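Fold and geometry: a report
Here is how the chains run, residue by residue.
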Amino acid sequence: MDTHDLRTFQSNSEWRATLEARARALATQEVVERTADGTLLIQFRLGDGRYALPAHYAREIQPLRAYTPLFGVPPFIVGLVNIHGRLYTCIDLRPLLDLPGAPPTPGSFLIIIQGSGAEAALLADSVVGMVTGALDASPAPVMASSAATSWIRGVDRDLSIVIDPIALLTDPRLIVDHQAAA
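Residues numbered from 1 in each chain as written. Predicted model: local features only at pLDDT ≥ 70, side-chain atom pairs only at ≥ 80, totals over all residues. Heavy atoms only, no water.

Considering the overall build of the protein
Formally: Only DSSP runs of H or I with at least four residues qualify as helices, and only runs of E with at least two residues qualify as strands; both kinds are numbered from the N terminus onward. Burial classification: accessible surface area is computed with a 1.4 Å probe over protein chains only, and a residue below 20% of its type maximum counts as buried, one above 50% as exposed, and the rest as partly exposed. Should any heavy atoms of two residues lie within 4.5 Å, those residues are considered in contact. All accessible areas in this document rest on Shrake-Rupley with a 1.4 Å probe, and a residue is counted as covered only by the protein chains that are shown.
A tally of helices and strands in the protein yields five helices and 11 strands. Looking at the 182 residues of the protein, the share that counts as buried comes to 38%. The long-range share in the protein, meaning contacts at least 24 apart out of those at least 6 apart in sequence, stands at 58%. Summed over its atoms, the accessible surface of the protein is roughly 10500 Å², and 55% of this surface lies on carbon and sulfur atoms.

Focus: the pairing of strand 6 (residues 86-91)
Put simply, the test is: Pairing between two strands is assigned when DSSP locates at least 2 bridges connecting them.
Where strand 5 (residues 77-83) meets strand 6, six bridges bridge the pair, whose relative direction is antiparallel. Bridge pairing in strand 6 places G79 opposite C90. A loop of two residues connects strand 5 with strand 6, the two strands running antiparallel in sequence, and H84 in this loop sits at a positive phi of about 55°. As defined by bridge partners, strand 6 adjoins strand 8 (residues 118-124) across two bridges and the pair is classed as parallel. The residue of strand 8 that forms the bridge with I91 is L122.

Looking at the side chain of Q43
Note the cut-off: Think of a polar contact as two N or O atoms within 3.5 Å of one another; within protein, one of them needs to be a possible hydrogen donor and the other a possible acceptor, and neighboring residues in sequence only count if both atoms come from side chains.
Along the polypeptide, Q43 turns up in strand 2 (residues 38-46). Among the polar contacts made by the side chain of Q43, one reaches the side chain of D156 at a distance of 3.4 Å. With residues up to four places along the chain from it excluded, the contact list for Q43 reads R50, Y51, A52, V127, V128, G129, V131, D156, D158 and S160.

Have a look at this one:
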């Protein structure tokens, strides 16, 4: 395709709308990657804890380069991050798990998750890797906050706490409405 064809394509709003609709449909399609042993999991660290989440909910993993802090938000919201021209809320799970929060450190990562029409960037101190594991290997640990247990599925064979991204993204504590608080 030469430059002239590209300009013609970009100027045709009907073609562009069709392709944008197709791209949105593909982006929201949930693809489950399973093997005989279980689900593909992304393992990551936050402080001394090890966590995992099903890989099919992760759009991408990026090093944290920069973020914009927000003032007047709950402590689990680190700020906003710009990934490929899109703004995402950066979430630190520690305060939601009743653990002490910590500012991002050099070498931190973002795991961009999506599901149920929502997206967010989860802060990770490091990404351990990807493993195949069972999501129901052992019961979820008792957490200080009962709300956190709604999105904790259990512990995998590597002793990682497995997170349910859909339940996390629909946790009512993530909805920050300053008008309702006023």
